[in-house]
Amino acid sequence: MNSEALPFWNAPSRETIAGYYTGMRAFWHPVMRADDLPEGQPVGVELLGERIVLARLNGEIVAMEDLCRHFQARLSLGDVVERDGQQCLMCPYHGWEYDANGQCTYIPQLAGDREIPQQARVPAYHTQERYGLVWVCMADEPHFDIPEFPEMDDPDFHAGPLRVYDPWEASAPRIVMGTLDDTHFPWVHTGILGDLDDTDPPDHRVWREGRYLVTEYTVVQPHNLSTADTTASGEGNGAGEETITYTAYVGIPNTIRLLKDSDAGRYIIWLSTLPHRYNLTTTFWRIARTYDRNPANDQKYEDFEDLVREQDRPIVEGQRPWLLPPFWTKVEMPLRPADLPLIEYQRWLEELKIATSV
Ligand code: FES
Ligand SMILES: [Fe+2]
């Protein structure tokens, strides 16, 4: 369907989508679990509306456009092969081979005395492996480094398994904001993270710290796994209340590290997003905690978080416009001071030209 035929709130303009993709290209995005990228076999992923192929070549993870320069076949359907002692990526259609830089290094059909043309290359992208994930940046120079997750290597914490949520029909900023937003707790997470008898928004402190937007606030919540050591008390969810201090570090623009401090200790939700398209986003996430560090108990924490995420999902997937409408459009009505963290997050995305129009 022609997107121009749909109302703006359901179909962003081409300009809006292009602004989002261009703005987001400057950052590192997690694209898959490192364990899911095998030796000897390329894997295709969609990132910011483009198909990219990932492979392990000569001990390094490489990423390049998933379109062969010959006749645009998908390189991710091909194979990792070895020629002259070097691994390269072979197109499945006519066997052209590419090195880690995306340069074509072998063309089987080339006439005897011809050289491989310089233009026989595909764009290659930066890659890093960190926190169990493969990260890709499609810009020449990444704007920021990969956001930090220091608790991953901190012996005071137990980190649970790296999880991958099926893609949500939402944009990455909407998902990050869904985790940053706390005033929805009484309605969406009734009896778990909030209570309809206490709907006053907390006082937020919000500031920038290097490449992070930080927000801090204190709330009273029903007793639950993320706020209390239920193994110590033997109590289940819903027994009593806890005072929790939240500190959220938003790794602009796509990652959030949410610290929850209670009498039990510190509980962390770390999540980062993979924007396949403006309206389709996978989330990678992991929790870490200083209490109840027995890995055998991980599953109940995962189940708890799954329940919370499933409550969020229809709300976030249902938000329109898909992409954040800039403040000047007055499409949305963020409130001060209740929505201050969201306002400051969006302000930064607008500065980075990630949210430009509707
Ligand atoms: S399309 Fe890739 S080698 Fe022909
Ligand atoms: Fe929520």
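### Thoughts on the sheet that holds strand β7 (residues 97-98)
Thinking step 1. The antiparallel open sheet is built from 4 strands, whose spatial order is β5-β6-β7-β8. Of all the strands in the sheet, the pair left with one neighbour each is β5 (79-83) and β8 (104-106).

### Thoughts on helix α1 (residues 14-24)
Side chains that are three or four residues apart share a direction in an α-helix, a result of its 3.6 residues per turn.
Thinking step 1. Along α1, the positions that sit buried rather than exposed are T16, I17, G19, Y20, Y21, G23 and M24.
Thinking step 2. The secondary structure elements touched by the buried residues of α1 are β1 (29-33), α2 (172-180) and β17 (265-277).

### Re a negative patch on the surface
Thinking step 1. Together, D195, D197, D198, D200 and E241 line one region of the surface with negative charge.
Thinking step 2. Within the secondary structure, E241 is located in strand β15 (residues 241-251).
Thinking step 3. With a relative accessible area of 55%, E241 lands in the exposed category.

### With respect to the packing of aromatic side chains
Thinking step 1. Applying the stated criterion across every chain, the model contains 12 aromatic pairs.
Thinking step 2. Taken together, a centroid distance of 5.9 Å and an interplanar angle of 45 degrees make the contact between Y20 and Y21 tilted. Both residues of the pair, Y20 and Y21, count as buried.
Thinking step 3. Pairing Y267 with Y301 gives two aromatic rings, centres 6.2 Å apart and planes at 35 degrees, and the pair type is tilted. Here Y267 is found in strand β17, whereas its partner Y301 is found in helix α5 (residues 298-317), with 34 residues between them in sequence. When sorted by exposure, Y267 lands in the same class as Y301, which is buried.

### Looking at the sheet that holds β1
Each strand in a sheet pairs with another by means of backbone hydrogen bonds, the pair being arranged parallel or else antiparallel.
Thinking step 1. Taken together, 6 strands build an open sheet; the order of strands is β1-β10-β9-β4-β3-β2 and the sheet is antiparallel. On the outer flanks of this sheet lie β1 and β2 (43-47), each paired with one strand and no other. Adjacent strand axes in the sheet meet at a mean angle of 35 degrees, parallel and antiparallel pairs treated alike.
Thinking step 2. Bridge analysis of β2 against strand β3 (residues 50-57) gives 5 bridges, and the strand direction is antiparallel. Across the sheet, the residue bridging to G44 is V53, located in β3.

### Digging into the coordination of the iron ion (ligand 2)
Thinking step 1. Distances from the iron ion (ligand 2) to its protein donors, H184 (NE2), H189 (NE2), D312 (OD) and D312 (OD), fall within 2.0 to 2.6 Å.
Thinking step 2. Classification of the site at the iron ion (ligand 2) rests on its 4 donor atoms, whose angles at the metal span 54 to 153 degrees, yielding the label irregular.
Thinking step 3. Sequence positions of the residues that donate to the iron ion (ligand 2) give the spacing H-x4-H-x122-D. Pair noted here: H189 is in the loop between α3 (185-188) and β13 (205-209) and D312 is in helix α5, with a separation of 123 residues, a long-range link.

### Structural notes on the packing of α2 against helix α6 (residues 340-351)
Thinking step 1. The N-to-C vectors of α2 and α6 enclose an angle of 155 degrees; their axes lie 10 Å apart at closest approach. Put simply, α2 runs roughly antiparallel to α6. Viewed along their axes, α2 and α6 form a crossing whose handedness is right-handed. Residues P173, V176, M177 and L180 of α2 touch α6, and the partners they reach there are P341, L342, Y345, Q346 and L349.
Thinking step 2. The residue makeup of the contact of α2 with α6, split by class, is 8 nonpolar, 1 polar and no charged.

### Remarks on the environment of L196
Thinking step 1. Tracing the sequence through the fold places L196 in the loop between α3 and β13.
Thinking step 2. In this structure, the C-alpha to C-alpha distance between L196 and L57, residues 139 residues apart in sequence, is 55 Å.
Thinking step 3. Each residue touching L196, except ones within four places of it in the same chain, is listed here: P186, W187 and T190.

Each value, and the rule that gives it
- Here the residue numbers are simple positions, counted from 1 along each chain's written sequence.
- Naming scheme: in the order in which they are written, chains are lettered from A and ligands are numbered from 1.
- Local features are withheld for residues below a pLDDT of 70 in this predicted model, meaning they are given only at 70 or higher, and side-chain atom pairs are given and counted only at 80 or more; totals for whole chains, interfaces and linings count all residues.
- Side-chain measures were taken over the full set of non-hydrogen atoms in the model, leaving aside hydrogen atoms and water.
- Paired strands, in this sense, are two strands between which DSSP finds at least two bridges.
- For the purposes of this entry, the term helix denotes a DSSP run of H or I that reaches at least four residues, the term strand denotes a run of E that reaches at least two, and both are numbered from the N terminus.
- The cut-offs for exposure are 20% and 50% of the maximum accessible area for each residue type, with area from a 1.4 Å probe on protein chains only; residues under the lower value are buried, those over the upper are exposed, and the others partly exposed.
- Throughout, a residue-residue contact means that at least one pair of heavy atoms, one from each residue, lies within 4.5 Å.
- Nonpolar side chains (Val, Leu, Ile, Met, Phe, Trp, Tyr) within 5 Å and like charges within 9 Å form the patches, drawn only from residues with over 30% relative accessible area and no salt bridge.
- Note that accessible areas follow from Shrake-Rupley with a 1.4 Å probe, and for residues the cover is restricted to the protein chains shown.
- Salt bridges are counted wherever a side-chain nitrogen of Lys or Arg sits within 4 Å of a carboxyl oxygen of Asp or Glu.
- Here Asp and Glu are counted as negative and Lys and Arg as positive; His is not counted, and neither are the chain ends.
- Charge positions come from single atoms, namely NZ of Lys, CZ of Arg, CG of Asp or CD of Glu.
- The rule is short: rings of Phe, Tyr and Trp, with Trp giving its six-membered ring, pair when the centres are within 6.5 Å, and they are stacked under 30 degrees, edge-to-face over 60, tilted in between.
- Axis definition: a line fit to C-alpha positions, over the contact stretch in the case of helices; interaxial angles, taken between N-to-C directions, run 0 to 180 degrees.
- A donor here means any N, O or S atom no more than 2.8 Å from the metal (3.2 Å for Na, K and Ca); water is not included, so a site may seem to lack partners.
- Working rule for geometry: tetrahedral if four donors all subtend angles between 85 and 135 degrees; square planar for four, octahedral for six, if opposite donors exceed 155 degrees and the others stay between 65 and 115; irregular in every other situation.
- Here the angle decides the label: under 35 degrees means roughly parallel, over 145 means roughly antiparallel, 65 to 115 means roughly perpendicular, and every other value means oblique.
- For a crossing to be left-handed, the near helix must be turned anticlockwise from the far one by less than a right angle; the clockwise case is right-handed.
- Following the grouping adopted for this structure description, the nonpolar residues are Ala, Val, Leu, Ile, Met, Phe, Trp, Tyr, Cys and Pro, the charged ones are Asp, Glu, Lys and Arg, and the polar ones are all others, Gly among them.

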